[in-house]
2 protein chains.
Amino acid sequence: MNDFADQMRTVAEWVEKGLNRHLTADGLSGVGTPPERLIAAMRHGALNGGKRLRPLLVVQAAEVFGVDRERVLPAALAVEMVHCYSLIHDDLPAMDDDDLRRGQPTVHKAFDEATAILAGDALLTEAFALLAQSGLPAAVIGELATASGVAGMVGGQMRDLEGERAALDEDAIIEMQAMKTGALIRGAVRTGALIGGADDGQLAALTRYGALAGQAFQLADDILDVTSDAARLGKATQKDAGRHKPTLVSRIGLEATERRLGDTIHHAITALSMFGKEADGLRATARFFADRDS
Amino acid sequence: MNDFADQMRTVAEWVEKGLNRHLTADGLSGVGTPPERLIAAMRHGALNGGKRLRPLLVVQAAEVFGVDRERVLPAALAVEMVHCYSLIHDDLPAMDDDDLRRGQPTVHKAFDEATAILAGDALLTEAFALLAQSGLPAAVIGELATASGVAGMVGGQMRDLEGERAALDEDAIIEMQAMKTGALIRGAVRTGALIGGADDGQLAALTRYGALAGQAFQLADDILDVTSDAARLGKATQKDAGRHKPTLVSRIGLEATERRLGDTIHHAITALSMFGKEADGLRATARFFADRDS
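Residues numbered from 1 in each chain as written. Chains lettered and ligands numbered in written order. Predicted model: local features only at pLDDT ≥ 70, side-chain atom pairs only at ≥ 80, totals over all residues.

Draft legend 1. View of the overall build of chain A. Across its full length, chain A carries 15 helices and two strands. Taking 294 residues into account, the globule formula puts the C-alpha radius of gyration at 19 Å, and chain A, at 18 Å, falls close to it. For chain A, the spread of C-alpha atoms along the three principal axes comes to 55 × 45 × 35 Å. Per-residue burial for chain A yields a buried fraction of 54% across its 294 residues. For chain A, contacts bridging at least 24 residues in sequence account for 74% of all contacts bridging at least 6. (Helix = DSSP H or I, 4+ residues; strand = E, 2+ residues; numbered from the N terminus. Rg over C-alpha atoms; globule rule 2.2 N^0.38 Å. Buried ≥ 20, exposed ≤ 12 C-beta atoms within 10 Å, placed from the backbone. Contact = placed C-beta atoms within 7 Å.)

Draft legend 2. A look at the interface of chain B and chain A. The partner chain A presents 53 residues to the 53 residues of chain B that form the contact. Of all the secondary structure elements, the ones that give two or more residues to the side of chain B that touches chain A are α2 (36-46), α6 (113-134), α7 (138-148), α8 (153-165) and α9 (170-195) of chain B. Tallied by class, residues from the side of chain B that touches chain A come to 30 nonpolar, 15 polar and eight charged. (Nonpolar A, V, L, I, M, F, W, Y, C, P; charged D, E, K, R; others polar.)

Draft legend 3. Geometry of the relation of the copies chain B and chain A. Overlaying chain B on chain A yields an RMSD of 0.0 Å, the required transformation being a rotation through 180° with an accompanying axial translation of 0.0 Å. Look at the turn and shift together and you get a two-fold axis relating the two. The share of interface residues of chain B whose copies in chain A are also at the interface is 100%, consistent with both copies meeting through the same surface. (Least-squares fit on C-alpha atoms with pLDDT ≥ 70 in both.)

Draft legend 4. Molecular detail of the nonpolar core. In this structure, L131(A), A216(A), L131(B) and A216(B) are the most contacted members of the largest nonpolar core, which totals 197 residues. Those residues in contact with A216(A), other than ones at most four positions away along the chain, are L261(A), T264(A), I265(A), A268(A), A286(A), F289(A) and A290(A). (Core = buried A, V, L, I, M, F, W, Y, C linked by C-beta atoms within 7 Å.)

Draft legend 5. Up close: the packing of helix α14 (residues 254-270) of chain A against helix α15 (residues 280-291) of chain A. Residue and element names in this part refer to chain A. Where α14 contacts α15, the two axes come as close as 9 Å, and the packing angle between them is 175°. By the angle between their axes, α14 is roughly antiparallel relative to α15. Contact residues: α14 offers L261, G262, I265, A268 and I269, while α15 offers R283, A286, R287, F289 and A290. A class-by-class count of the residues in the contact of α14 with α15 yields seven nonpolar, one polar and two charged. (Axes fitted to C-alpha atoms, helices over the stretch in contact; angles between N-to-C directions. Parallel < 35°, antiparallel > 145°, perpendicular 65-115°, else oblique.)

Draft legend 6. Highlighting the confidence of the model for chain A. On average, chain A scores 92 in pLDDT, and the residues at 70 or more come to 94%. Taken over the whole predicted complex, pTM reads 0.95, whereas the ipTM for its chain interfaces reads 0.95. (pLDDT = per-residue confidence, 0-100.)

Draft legend 7. Broad picture of the environment of L47(B). All names here are of chain B. Relative to the helices and strands, L47 resides in the loop between α2 and α3 (53-63). On the basis of neighbour counts, which here come to 15 C-beta atoms within 10 Å, the residue L47 falls in the partly exposed class. When near neighbours in sequence (up to four residues on either side) are disregarded, L47 contacts E16, L19 and N20.

Draft legend 8. Unusual backbone geometry, seen in detail. Even without being glycine, R102(A) reaches a positive phi, approximately 50°. Summarising the element assignment, R102(A) is placed in the loop between β1 (100-101) and β2 (104-105). Judged by local crowding, R102(A) falls into the partly exposed class, with 14 C-beta atoms found within 10 Å. The phi dihedral of R52(B) falls on the positive side, at around 60°, and the residue is not glycine. Checked against the element boundaries, R52(B) lands in the loop between α2 and α3. Owing to 25 C-beta atoms within 10 Å, R52(B) belongs among the buried residues under this scheme.

Draft legend 9. View of the environment of A110(B). All names here are of chain B. One can find A110 in helix α5 (residues 107-110). Placed 104 residues apart in sequence, A110 and D6 show a C-alpha to C-alpha distance of 32 Å. Leave out the neighbours within four places in its chain, and A110 touches H44 and P105.

Draft legend 10. Region of the structure containing the packing of α3(B) against α9(B). All names here are of chain B. Axis separation between α3 and α9 bottoms out at 7 Å; the angle between their running directions is 30°. The way α3 lies across α9 gives a crossing that is right-handed. Residue-level contacts link R54, L57, V58, V59, Q60, A61 and A62 of α3 to L184, I185, A188, V189, T191, G192, A193 and I195 of α9. Residues of the contact of α3 with α9, tallied by class, amount to 11 nonpolar, three polar and one charged. (Left-handed = near helix turned anticlockwise from the far one by under 90°.)

Draft legend 11. Molecular detail of α2(B). Residues of α2(B) that are buried include every one of L38(B), I39(B), A41(B), M42(B), H44(B), G45(B) and A46(B), and no others. Contacts from the buried residues of α2(B) go to α8 (153-163) of chain A together with α1 (2-22), α4 (69-90), α5 and α6 of chain B.

Draft legend 12. Region of the structure containing the environment of E80(B). Residues and elements named next belong to chain B. Summarising the element assignment, E80 is placed in helix α4. For E80, a count of 26 C-beta atoms within 10 Å translates into the label buried. Sequence separation of E80 and Q60 is 20 residues, and the distance between their C-alpha atoms is 15 Å. Those residues within four positions of E80 in sequence are excluded, and the remaining contacts are V15, L19, R52, R54 and P55.

So this is what it looks like as structure tokens:
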């Protein structure tokens, strides 16, 4: 676990540095000069000390194929920019209406609503600009777009909002979460695998791992929402229940959800059985999802 | 001009048909099932009888190189999806707060604000998914992302909002408009040229044409805002002045703006002088920008 903690910290610093360098007037090229206030809002939403778990998964999946970290940098940054844009939009008053994110004012609180909408739009667009310029295969661009689009992350957010009005059953909650959170986590793993040149069998195994890791991440999130305190999480807790958000904890109870989390982690690690030590990073991340306390 | 009117109608129908086919549960593939309400909102924002001028420019720029219309279809649809997403987000209450668009309720009026934000996000993301799957060169994806991002369309929208608070001078208005409207029009022309395999000189000439055509389009828009009536335009008019929007008409007057429009069209057509009949489509579109009445 020490190796894992080291890798997680190293990757987080590497991503922070990459975003910090890219999200500047020099890094963001185009037809005109990007407005300072918009860059500031993008930075506020992206440079906030996140754990950078999605870039970590890109790196670890590429590692399975011996691919150097530097080669996946544009993909790691792009996945994280898509994640950060989704948080900015999800926090908006018309959506989840959150004032805090990782202990800091959300983008629409620190700036204003219009700026937050545009900063999200800009981060999403920049993710694709960066990938297009990276020389990485078009399949990587397709993967990120599909994972984060109408039949993935954005569609999942829509189902989540609809779920506040209509009671979702267990299966519907699982599908919603597989889209809202799971799709991008699965997409991060597949991105690393695609860059690594995975064959069909390897890609199928890693896709299965990614889907299960995404499920585990969300189960842990739902559990933390009822068991953790706001100070540790850096955002309001127990808000899911207050808002009638559909979660598995509210549907099947805390204990059954914890049991399911354990099973899911076990299946995720089993999905990697065709790989040796080169997949230890992915195994450690799956275990971390069960143990994390924030 | 008859040929032009025919081509414009044909391309508009072709784009409408393409979007109508693509924006369905079958056309939109991903990890899960796209939510029906989200597809409906995307369709509301995209299938609204627009003139489809940006796809027309993609087709006409590709025509210069003898490239068949069908080959540029994914790019034509992607450019239009990006345009439609920008309209959905620009119409939001936190942005321009518009109730009508082409005579119909805007997406947040017909649905709700959260759905409109997500429908915009989904259209933008789908544009890149479609391009990535199309087999078109990565440069096309980069072009669209750069044209519509922080140093292009989104940055221009930010400058426009800032311009409501701070008085912009003539140069600042021109840069804002070059980003907000001009960048995507220029990008549409460059997209067609890139697919056509333009050499450096050809690309430079078409880029110049695109930038000037974008300027002309915006000048005509500013003029129409003060001279047209709401029924013809399908949206509120004279709203720019009411909102202290920075436009050239408010800064240099109607007559000077009309003169500048004529000059800009002239320069746009001059930029095409290295091309023969194969660029007649682009010439006709530039002329149309001066003559349009809605």
